[in-house]
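# Close look at the chain arrangement
Chain by chain, the residues:
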Amino acid sequence: MRARRVLVVDDDDLLREVAKVSLEMVGGWEVLTASSGAEAAEVALRERPDALLLDVMMPGMDGPSTVVALRREPATRDIPVIFLTAKVGGEGHQQWEHLDVSGVIPKPFDPMSLPAEVARLLGW
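Here's what I pulled together on the structure shown here.

Criteria and cut-off values
- Residues numbered from 1 in each chain as written.
- Predicted model: local features only at pLDDT ≥ 70, side-chain atom pairs only at ≥ 80, totals over all residues.
- Heavy atoms only, no water.
- Pairing = 2+ DSSP bridges.
- Helix = DSSP H or I, 4+ residues; strand = E, 2+ residues; numbered from the N terminus.
- Axes fitted to C-alpha atoms, helices over the stretch in contact; angles between N-to-C directions.
- Contact = heavy atoms within 4.5 Å.
- Buried < 20%, exposed > 50% of the residue type's maximum accessible area, 1.4 Å probe, protein only.
- Polar contact = N/O pair within 3.5 Å; in protein donor to acceptor, adjacent residues only side chain to side chain.
- Core = buried A, V, L, I, M, F, W, Y, C linked by side-chain atoms within 4.5 Å.

### Details of the sheet that holds strand 5 (residues 103-106)
One open sheet holds the five strands; their spatial order is 2-1-3-4-5, and the pairing between them is parallel. Edge strands, defined here as strands with exactly one partner in the open sheet, are strand 2 (30-34) and strand 5. Within the sheet, the average angular offset between the axes of one strand and its neighbour, ignoring direction, is 20°. Running over the sheet, helix 3 (residues 63-72) touches strand 3 (51-55) and strand 4 (81-85) and is turned about 170° from strand 4.

The structure is reproduced here in structure tokens:
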């Protein structure tokens, strides 16, 4: 059985690298990365990852717009998405309910528990 493949999307290079190392070293997963929503849509279509960890606030195509683009495309429609965001206010998850995301992980996250949190949200 192949390792799970996760696409980490964030415009912050350091955060992307920390998530990648965490998911690879602690989770044992294969990790793809993208630095923008547009790049994420291309990589998801080409690589068909098992899940996306997607930053909400990015210049250009933000996280919610990226999810809409993924859901429009038959090949990426069913890929589970977890939002990574520094902005978890009182409304929290409800503001994205219409997007059918699997969960929200607040930033900063704990690199040692990130894979367990992702697995919990996705039922892996």
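More follows now that the structure is in view.
### Focus: unusual backbone geometry
Cis geometry is adopted by the peptide bond preceding Pro108, which originates at Lys107 and carries an omega value of -5°. Here Pro108 lies in the loop between strand 5 and helix 4 (114-122). Even without glycine at this site, Arg48 takes up a positive phi of about 50°. Within the secondary structure, Arg48 is located in the loop between helix 2 (37-47) and strand 3. Although it is not a glycine, Asp100 sits at a positive phi angle of roughly 60°. You can see Asp100 is positioned in the loop between strand 4 and strand 5. Residue classification places Asp100 among the exposed positions, given a relative accessible area of 56%.

### A few points about the side chain of Lys107
Within the secondary structure layout, Lys107 lies in the loop between strand 5 and helix 4. A polar contact is formed between the side chain of Lys107 and the side chain of Asp55, at a distance of 3.0 Å. Contact partners of Lys107, with chain neighbours within four places excluded, come to Asp10, Leu15, Asp55, Leu84, Thr85 and Ala86.

### What to know about the nonpolar core
Ranked by size, the top nonpolar core spans 20 residues in total, and within it Leu7, Val9, Leu52, Val81 and Phe83 carry the most contacts. Broken down by secondary-structure element, the contributors of at least two residues to this core are strand 1 (5-9), strand 2, helix 2, strand 3, helix 3 and strand 4. For this core, the leading source of residues is helix 2, giving three residues. Excluding residues within four positions of it along the chain, Leu7 makes contact with Leu32, Thr33, Ala34, Ala40, Val43, Ala44, Pro49, Ala51, Leu52 and Leu53. If you look at the next biggest cluster of nonpolar residues, it comprises 17 residues, including Ala19, Trp29, Ile105 and Val118.

Don't take any of this as a statement about function, it's just geometry.
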